[in-house]
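Coordinate inspection notes
Listed here are the chains, written in short residue letters.
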Amino acid sequence: MKFFLSDAILRAFQNMRGNLFPILTTIGIIGISMLIFSTFSLFAFNLTSILKIWEDKIEVIAYLKKGVPLGEVEGVLKKVRRVEGVEAVKYVSPYDALSFMEKKLGSQKNLLEGIQPGVLPSSFEIQLEKDYRNSLRIKEVVFHLKEFRQIEEVQYGQEWVETFSAIVHVFRLTQGIMGGLLLIGLMFIISNTLQLTISSRKEEIEIMHIVGASPASIQVPFYIEGLIQGLLGTGLAVLFLFFLYYKVLLYKVFFLYLTPVMKEWFAGIPVLFLPPKTVVIILLGGMVLGLFGSFVASMRFLRYSG
Amino acid sequence: MDHVFKIYPTQISALSDVSLEISSGDFTFIAGPSGSGKTTLLRVLFRAERPTSGEVTVNGMNISGRHFRKIHQLRRTMGFVFEDFKLLRDRTVEENIAFALRVTGHPRKEIQPRVSEILEWVGLREREKDSVLTLSAGEQQRVAIARALVHHPPLLLADEPTGNMDVQMAADVMKIFTALHRHGTTIVFATHDTELPKHYPYRVIHLANGRKVEK
């Protein structure tokens, strides 16, 4: 006899209504598991955005030799713009450099009294393309820049860039490994929890086998239940995480527990919630985990044996 | 059933070289003491167990192969009644029977009339809204029979269906089985009570230690 999906959906809801306690327990356990995963994702996302802020600060400064005529500077500027890996170049005249230093010193700018702009070299502030903002590829750009006879010196904070690149590498590796391990753990937890729900209905399943319900009509409602429980559990986890973000992270309640230096450091860092696309991916992931859990559980309890 | 053996992994032999043929419309008792292989024989016919060797054909289907995948289709051609009823204890009489139709994909509008019809037939129409827990053992068995018959199977397997009952209850249940037989249903009835078959003019197959014995 034909098996209709609409009937399976209806039966999934009827089953859930008739087994509220195990279903709510499963949703709760999926919710807690997914909360751990979403919290991990939130921290990973914010750390990535912090790294991005730092990454954007990576730039190369090429100091020009003294006495390069202004007319020639324009030509060099054009050539530097064409160097592979260069995104944007800004010419900084000695006057600009002096006013920048004055701005930086603020109330202590009188320290610069008597310094003439001519003392300072003119320079190019060079923004790099994204792929070149790491310790290896930045060297390629620096190598090409050093070939210009008008350029005296090239600086890019070598140590800082190398440390930063190492941090990014370790972070991405850790994120991948931890995320993977967490996912495997979640699969086990969710599939075992769903097995509990299914085993609580062993009698019902036995009767389905006795009366000759088709394998699809036995399994599909459980898969649908797994999907729904995965979605509800993950939805609750994301809502709770948003609440946590809104009440704790956004208002930086944890500032109360930080030292003044740390407070200052954290104050400049925006705390972001997961972007909608990531939330949708997490919700879909929860549904897939629910489906996968039901599938694994079904292999133990729902198949015809003999 | 042709030269069927069933040996469990623990080397216990439950059926040894059993061959038998049951024709359509027959009422057959499988009689023997506990451990004689009655339940295993029914489970093999029901494809809850696969024979270790030998061939089993039920309702035209050879079900003995390892790769037989149509177990659900086979079971829709038969009903099974257990000694312990196997009812859903948290549901009503009507819900227990409707469940069997619902999970086998019967249209919703068909279910209620068929449930009422079968309950009328087993004499439990007035109890349809009652929880099965409020019924006597005989009544619970009648619900189980109704569930097994609601899809009109040509074959009914019964494993000690009167085992838990007093004489009067057992007689009431037997009335249902004999009526069913009169309507043309093939019945295979396992019992440890060697006296019971003597009251009926039906074929009796005796089992002892997993073997068919002549009496």
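Located above this text is the structure these notes cover.
Let us look at the structure shown here. (Residues numbered from 1 in each chain as written. Chains lettered and ligands numbered in written order. Predicted model: local features only at pLDDT ≥ 70, side-chain atom pairs only at ≥ 80, totals over all residues.)

Structural notes on the overall build of chain A
Looking only at helices and strands, one finds ten helices and four strands in chain A. Of the regular secondary structure in chain A, the N- to C-terminal order runs α-α-β-α-β-α-β-α-β-α-α-α-α-α. At 30 Å, chain A has a C-alpha radius of gyration far larger than the 19 Å of a compact globule built from 306 residues. The C-alpha extent of chain A, read off along each of the three principal axes, is 95 × 45 × 30 Å. For chain A, the proportion of its 306 residues judged to be buried stands at 24%. When contacts within chain A are restricted to residue pairs at least 6 apart in sequence, those whose partners lie at least 24 apart make up 85%. (Helix = DSSP H or I, 4+ residues; strand = E, 2+ residues; numbered from the N terminus. Rg over C-alpha atoms; globule rule 2.2 N^0.38 Å. Buried ≥ 20, exposed ≤ 12 C-beta atoms within 10 Å, placed from the backbone. Contact = placed C-beta atoms within 7 Å.)

Some words on the environment of A12 of chain A
Residues and elements named next belong to chain A. With respect to the helices, strands and loops of the structure, A12 is situated in helix α1 (residues 5-18). The buried category is assigned to A12, around which 20 C-beta atoms lie within 10 Å. The sequence separation of A12 and V220 amounts to 208 residues, and the corresponding C-alpha distance is 8.3 Å. Contact partners of A12, with chain neighbours within four places excluded, come to P221, I224, E225 and I228.

What about the sheet that holds strand β4 (residues 53-55) of chain B?
Residue and element names in this part refer to chain B. Taken together, the three strands give an open sheet; going across it, the order is β2-β1-β4, and neighbouring strands pair in antiparallel fashion. Lying at the two open borders of the sheet, with one neighbouring strand each, are β2 (13-18) and β4. Neighbour-to-neighbour, the strand axes of the sheet open up by a mean angle of 25 degrees, direction not taken into account. The sheet contact formed by strand β1 (residues 2-7) and β4 spans two bridges and is antiparallel. (Pairing = 2+ DSSP bridges. Axes fitted to C-alpha atoms, helices over the stretch in contact; angles between N-to-C directions.)

Describing unusual backbone geometry
Residues and elements named next belong to chain B. One non-glycine residue, D17, lies in positive phi territory at about 50 degrees. For D17, the position within the fold is in strand β2. Residue H152 is not a glycine yet carries a positive backbone phi of 50 degrees. Take H152: it is sitting in the loop between α5 (137-149) and β8 (155-159). Here H152 falls in the exposed class, since 10 other C-beta atoms lie within 10 Å of it.

Things to note about the pairing of β8 of chain B
Residue and element names in this part refer to chain B. For β8, the tally of buried residues reaches five of five residues, placing the bulk of the element in the interior. By the alternation rule, side chains of β8 split into L155, L157 and D159 and L156 and A158, which are all buried. When strand β7 (residues 78-81) meets β8, the two strands line up parallel, connected through four bridges. Bridge pairing links G79 to L156 in β8. Taken together, β8, helix α6 (residues 167-182) and strand β9 (residues 186-191) form a β-α-β motif whose crossover is right-handed. (Right-handed = clockwise from strand over helix to strand, strands pointing away.)

Describing the interface of chain A and chain B
Taken together, the contact pairs 17 residues of chain A with 17 residues of chain B. Among the elements of the structure, α7 (202-211) and α8 (215-249) of chain A are those that each provide at least two residues to the side of chain A that touches chain B. The dominant element in the side of chain A that touches chain B, judged by the number of residues it contributes, is α7 of chain A, at seven residues. Residues that form the side of chain A that touches chain B fall into these classes: nine nonpolar, four polar and four charged. (Nonpolar A, V, L, I, M, F, W, Y, C, P; charged D, E, K, R; others polar.)

As for helix α10 (residues 276-301) of chain A
Over its 26 residues, α10 of chain A runs 37 Å from end to end, which matches the ideal 38 Å to within 8%, given 1.5 Å per residue. Listed as buried for α10 of chain A are I282, G286, M287, L289, G290, L291, G293, S294, A297 and S298 of chain A. (Expected span 1.5 Å × (residues − 1).)

Some words on the sheet that holds β7 of chain B
Residue and element names in this part refer to chain B. One open sheet accounts for six strands, arranged β7-β8-β9-β3-β10-β11; its pairing is mixed. The open sheet has two edge strands with one neighbour each: β7 and β11 (211-213). Here the average twist between neighbouring strands, direction ignored, is 25 degrees.

A word on helix α1 (residues 38-45) of chain B
All names here are of chain B. A large share of α1 lies buried, amounting to seven of its eight residues. Buried within α1 are the following residues: K38, T40, L41, L42, R43, V44 and L45. With its phi angle positive at about 60 degrees, R47 sits one or two positions after the end of α1.

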